[in-house]
Amino acid sequence: MLKEVIATRFIGPLREGGSLPGLIEADDLGTYVLKFTGAGQGRKTLVAEVVCGELARRLGLRVPRLVTVELDPVLGLGEPEQEVQHLLKSSGGTNLGMDFLSGALGFDPLAFEVGPEEAGRIVWFDALVNNVDRSWRNPNMLRLRDGLWLIDHGATMIWHHNWPGAPASAARPYDASDHALSTFAPDVAAAAAELAPLVTGELLAEVTAEVPDAWLAGEPGFDTPDELRLAYARPLLARAATVHRHIHGLGEDQ
Ligand SMILES: Nc1ncnc2c1ncn2[C@@H]1O[C@H](COP(=O)(O)OP(=O)(O)O)[C@@H](O)[C@H]1O
Ligand SMILES: [Mg+2]
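On a predicted model such as this, the values are computed, not experimentally measured, just so you know.

## Structural notes on the overall build of the protein
And step 1. A count of helical and extended segments in the protein gives seven helices and ten strands.
And step 2. Computed over C-alpha atoms, the radius of gyration of the protein comes to 18 Å, within 12% of the 18 Å expected from 2.2 N^0.38 for 254 residues, which places it in the range of a compact globule.
And step 3. For the protein, the C-alpha atoms occupy an extent of roughly 55 × 45 × 30 Å along the three principal directions.
And step 4. Within the protein, the proportion of its 254 residues that are buried is 40%.
And step 5. Here the contacts in the protein between residues at least 6 apart in sequence split such that 71% fall between residues at least 24 apart.

## So, the sheet that holds strand 1 (residues 3-13)
And step 1. On the basis of which strands lie adjacent, the closed barrel formed by five strands has the order 1-2-3-5-4 and mixed pairing. When strand polarity is set aside, the average angle formed by the axes of neighbouring strands in this sheet is 55 degrees.
And step 2. Here six bridges tie strand 4 (residues 66-71) to strand 5 (residues 93-99), and the two strands are oriented antiparallel to one another. What sits directly across from Val 67, in strand 5, is Gly 97.

## Topic: unusual backbone geometry
And step 1. Although it is not a glycine, Leu 29 adopts a positive phi angle of roughly 70 degrees.
And step 2. Summarising the element assignment, Leu 29 is placed in the loop between strand 2 (22-26) and strand 3 (31-35).

## A few points about the sheet that holds strand 8 (residues 147-150)
And step 1. Taken in spatial order, the three strands of this open sheet run 6-7-8, and their pairing is antiparallel. Because the sheet does not close on itself, it has two edges, and the strands there are strand 6 (105-106) and strand 8.
And step 2. Strand direction decides the pairing type here: strand 7 (residues 141-144) and strand 8, joined by four bridges, are antiparallel. The partner of Leu 142 across the bridge, within strand 8, is Trp 149.

## Describing the domain arrangement of the protein
And step 1. Once the domains are mapped, the protein shows domain 1 (3-99) and domain 2 (105-248).
And step 2. The distance between the C-alpha centroids of domain 1 and domain 2 comes to 21 Å.
And step 3. The interface is formed by 25 residues belonging to domain 1 together with 26 residues belonging to domain 2.
And step 4. Of all the elements in the fold, those that place two or more residues in the side of domain 1 that touches domain 2 are helix 1 (43-58) and strand 5.
And step 5. The greatest single-element share of the side of domain 1 that touches domain 2, amounting to 15 residues, is contributed by helix 1.
And step 6. Tallied by class, residues from the side of domain 1 that touches domain 2 come to twelve nonpolar, seven polar and six charged.

## Describing the pairing of strand 2
And step 1. Burial of the side chains of strand 2 is restricted to one face: Gly 22, Ile 24 and Ala 26 are buried, whereas none of Leu 23 and Glu 25 on the reverse face is.
And step 2. Inspection of the sheet shows strand 1 paired to strand 2 by five bridges, in the antiparallel sense. Its bridge partner lying in strand 2, Ala 7 is registered against Ala 26.
And step 3. Sheet topology note: the strand 2/strand 3 ladder contains four bridges and is antiparallel. Paired with Ile 24 across the two strands is Tyr 32, which belongs to strand 3.
And step 4. Two successive antiparallel strands, strand 2 and strand 3, enclose a turn made up of four residues, where Leu 29 displays a positive phi of approximately 70 degrees.

## Let's talk about the environment of Glu 83
And step 1. Position of Glu 83 relative to the elements: it lies in helix 2 (residues 82-89).
And step 2. The spatial distance from the C-alpha of Glu 83 to the C-alpha of Leu 20 is 9.3 Å, given a sequence separation of 63 residues.

## With respect to the packing of helix 6 (residues 201-208) against helix 7 (residues 225-240)
And step 1. One way to put it is that helix 6 packs onto helix 7 with a least axis distance of 9 Å and a crossing angle of 140 degrees. The angle between helix 6 and helix 7 places the two elements in the oblique class. The two elements helix 6 and helix 7 cross, and the hand of that crossing is right-handed. Only Arg 229, Tyr 232, Ala 233, Leu 236 and Leu 237 of helix 7 make contact with helix 6, whose side of the interface consists of Gly 201, Leu 204, Ala 205 and Thr 208.
And step 2. Residue composition of the contact of helix 6 with helix 7, grouped by class: six nonpolar, two polar and one charged.

## Topic: the environment of Ala 104
And step 1. With respect to the helices and strands, Ala 104 occurs in the loop between strand 5 and strand 6.
And step 2. Given 16 C-beta atoms within 10 Å, Ala 104 falls into the partly exposed group.
And step 3. Contact partners of Ala 104, with chain neighbours within four places excluded, come to Leu 142, Arg 143, Leu 144 and Trp 149.

## Observations concerning the nonpolar core
And step 1. The biggest cluster of nonpolar side chains holds 64 residues, and the ones touching the most others in it are Val 51, Val 123 and Trp 124.
And step 2. Here this core gathers at least three residues from each of two domains, domain 1 (3-99) and domain 2 (105-248).

Cut-offs used in this document
Starting afresh in each chain, residues are numbered from 1 along the sequence in its written order. Labels are handed out in written order, letters beginning with A for the chains and numbers beginning with 1 for the ligands. Restriction of local features to residues with pLDDT of at least 70 applies here, the model being predicted, together with a cutoff of 80 or more for giving and counting side-chain atom pairs; totals for whole chains, interfaces and linings are based on all residues. Here a helix means four or more residues in a row that DSSP labels H or I, a strand means two or more in a row labelled E, and each is numbered from the N terminus. Every radius of gyration here is taken over C-alpha atoms, with the globule rule written as 2.2 Å times N^0.38, N being the number of residues. Using C-beta atoms placed from the backbone, we call a residue buried if 20 or more other C-beta atoms fall within 10 Å of its own, exposed if 12 or fewer do, and partly exposed for counts in between. Contact between two residues is assigned when their C-beta atoms, built from the backbone, lie within 7 Å. The criterion for strand pairing is that DSSP finds at least two bridges linking the strands in question. Each axis is a line fitted through C-alpha atoms, and for a helix only the stretch in contact is used; angles between axes span 0 to 180 degrees, taken between their N-to-C directions. Residue ranges labeled as domains rest on an automatic or database domain assignment. Each residue receives one of three labels: charged for Asp, Glu, Lys and Arg, nonpolar for Ala, Val, Leu, Ile, Met, Phe, Trp, Tyr, Cys and Pro, and polar for the others, Gly being one of them. Here the angle decides the label: under 35 degrees means roughly parallel, over 145 means roughly antiparallel, 65 to 115 means roughly perpendicular, and every other value means oblique. When the near helix sits turned anticlockwise from the far one by under a right angle, the crossing is termed left-handed; a clockwise turn instead gives a right-handed crossing. A set of buried Ala, Val, Leu, Ile, Met, Phe, Trp, Tyr and Cys residues, joined through C-beta atoms within 7 Å, is what we mean by a nonpolar core.

Right, here's the structure in full:
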């Protein structure tokens, strides 16, 4: 399970993102980016953040540490903005937190060089989870001195919005032409050789076990959270071996 912290102070909303994440302080004295369970995108966004974030980390990519954040809606009482107050009020209980990377800069593909190996690993991972949110306009990568950090995996695994169609949807190719790293000659074949063998049923069981039951319970068609965990693992397991052959838009095939 992810470490659980309790929010002690709401610092304020983070304005850059589309989903209005917040910044909080917690009882362990940490500062976290908070993704609200009551946000319009719903709890599936949070499930995607955990499954993809924890998978990426285990594949050796840099992802800020994830925690669950218990939030008392009372923290929102002093919030002047109605939108923010509404989010806090509707997000009592378990939310997602992410280590706030203080001093991180947004990734700018024109100002920062990425090697083909690292670009390949990130593009390959994004193809695996079908991430449509790492584009030039919105890279969702941060830069620290030690390198690139991946954030914002809410818009991945589109198949979890329609489970009956998941096998067909998961078999679809990945269009990388808009990817923030598409111009860095990503070596996706090398990444596949290195990373695909690591994506085993065992690893995916470990990753999906990190998702709190509260975000999995009550999904139509599934009797238990563990059944749904298996449904998350299946398409990723099926894609891992061959997805690198179904990545379009990287140059060779244009
Ligand atoms: N862990 C973090 N550390 C520092 N800044 C962050 C972190 N996570 C998000 N941010 C900042 O907040 C913005 C919005 O967060 P993001 O996760 O992309 O949410 P959204 O779904 O709203 O796009 C990011 O573009 C980034 O500038
Ligand atoms: Mg974002």
